Amino acid sequence: FPKQYPQWRPPAQWSKTIGYSHPGSMSLFSTGSAVSDGVRMFVEKGDSDMLEKETAGISFLDTVIAPPIQQGEGRTETLVFVDGNNTKVSCLTAIVPSPDWFIGLDSVDLCPAGQWLDTLKLEVSPMDAGTDNGLTFTSPNW
């Protein structure tokens, strides 16, 4: 766990959630692979502009945007549209403050084997984008 928690940073919180409903060919991130520059900017700085530009030419049905949770714990929700051709959802939320940590869903299928799920409950674990290395919150990018 990084040391030297920054005194000037905001209290623990969750960024807005951003993502997409899409066919199987799209992915915001993939566990074990390098993240895009847009994902890097979002998880390090909370800036989604580059991520939105990266996905501008990609075919997806709907954008997922949910408001941030500005305290350490809470709840946020949004609506997302899916259809028979766009059954998967990918999204991510940055952990604040952190060097480059986030939680996310990578291509979760809401219609496996052609049957829509009535409910879905998932536990997600924090992930490290791998873009900030070091033992402190303010370590330089390596």
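What counts as what
- For every chain, the first residue of the written sequence is number 1, and numbering continues from 1 onward in sequence order.
- Selection of residues for local features in this predicted model requires a pLDDT of at least 70, selection of side-chain atom pairs for listing and counting requires 80 or more, and totals for whole chains, interfaces and linings are taken over all residues.
- To obtain the side-chain values, all non-hydrogen atoms of the structure were included, while hydrogens and water were left out.
- Residue burial is assigned from relative accessible area. The probe radius is 1.4 Å, only protein chains are included, and a residue is buried under 20% of its type maximum, exposed over 50%, and partly exposed in between.
- Think of it this way: any DSSP run of H or I at least four residues long counts as a helix, any run of E at least two long counts as a strand, and we number them from the N terminus.
- Residues count as neighbours in contact if any of their non-hydrogen atoms are within 4.5 Å of one another.
- A pair of strands is considered paired only if DSSP assigns at least 2 bridges between the two.
- Each axis is a line fitted through C-alpha atoms, and for a helix only the stretch in contact is used; angles between axes span 0 to 180 degrees, taken between their N-to-C directions.
- Whether a set of points on the 1 Å grid over the protein atoms alone is a cavity depends on a 1.4 Å probe fitting there but being unable to get out, while an open set qualifies as a pocket with protein on both sides within 12 Å along at least five of seven lines; lining residues are those with an atom within 4 Å of a point.
- Grid points are joined across faces, edges and corners, and a volume is the space filled by probe spheres set on the points.
- Ten residues, namely Ala, Val, Leu, Ile, Met, Phe, Trp, Tyr, Cys and Pro, are considered nonpolar, four, namely Asp, Glu, Lys and Arg, are considered charged, and the remaining ones, Gly among them, are considered polar.

Draft legend 1. Quick look at helix H1 (residues 37-45). Of all the residues in H1, the buried ones are Gly 38, Val 39, Met 41, Phe 42, Val 43 and Glu 44. Buried residues along H1 sit in contact with strand S1 (13-22), helix H2 (49-54), strand S3 (88-96) and strand S4 (101-109). Looking at the residues trailing H1, positive phi occurs at Gly 46, about 80 degrees.

Draft legend 2. Fine view of the sheet that holds S4. Across the sheet, five strands lie side by side as S2-S1-S3-S4-S5; this open sheet has antiparallel pairing. Two strands lie at the open edges of the sheet, namely strand S2 (62-66) and strand S5 (127-128), each paired on one side alone. As paired strands, S3 and S4 are joined by six bridges and run antiparallel to one another. Bridge assignment links Lys 88 to a residue of S4, and that residue is Asp 109. Across the sheet, H1 is in contact with S1, S3 and S4; its angle to S3 comes to roughly 40 degrees.

Draft legend 3. Looking closely at the layout of surface pockets. Quantified by volume, the largest pocket comes out at close to 1,000 Å³. Together, 27 residues line the largest pocket, and Thr 17, Thr 76, Cys 91, Leu 105 and Leu 122 are the ones closest to its centre. Where the lining of the largest pocket is concerned, the elements lending two or more residues are S1, S2, S3 and S4. When grouped by side-chain class, the residues that make up the lining of the largest pocket number 17 nonpolar, seven polar and three charged.

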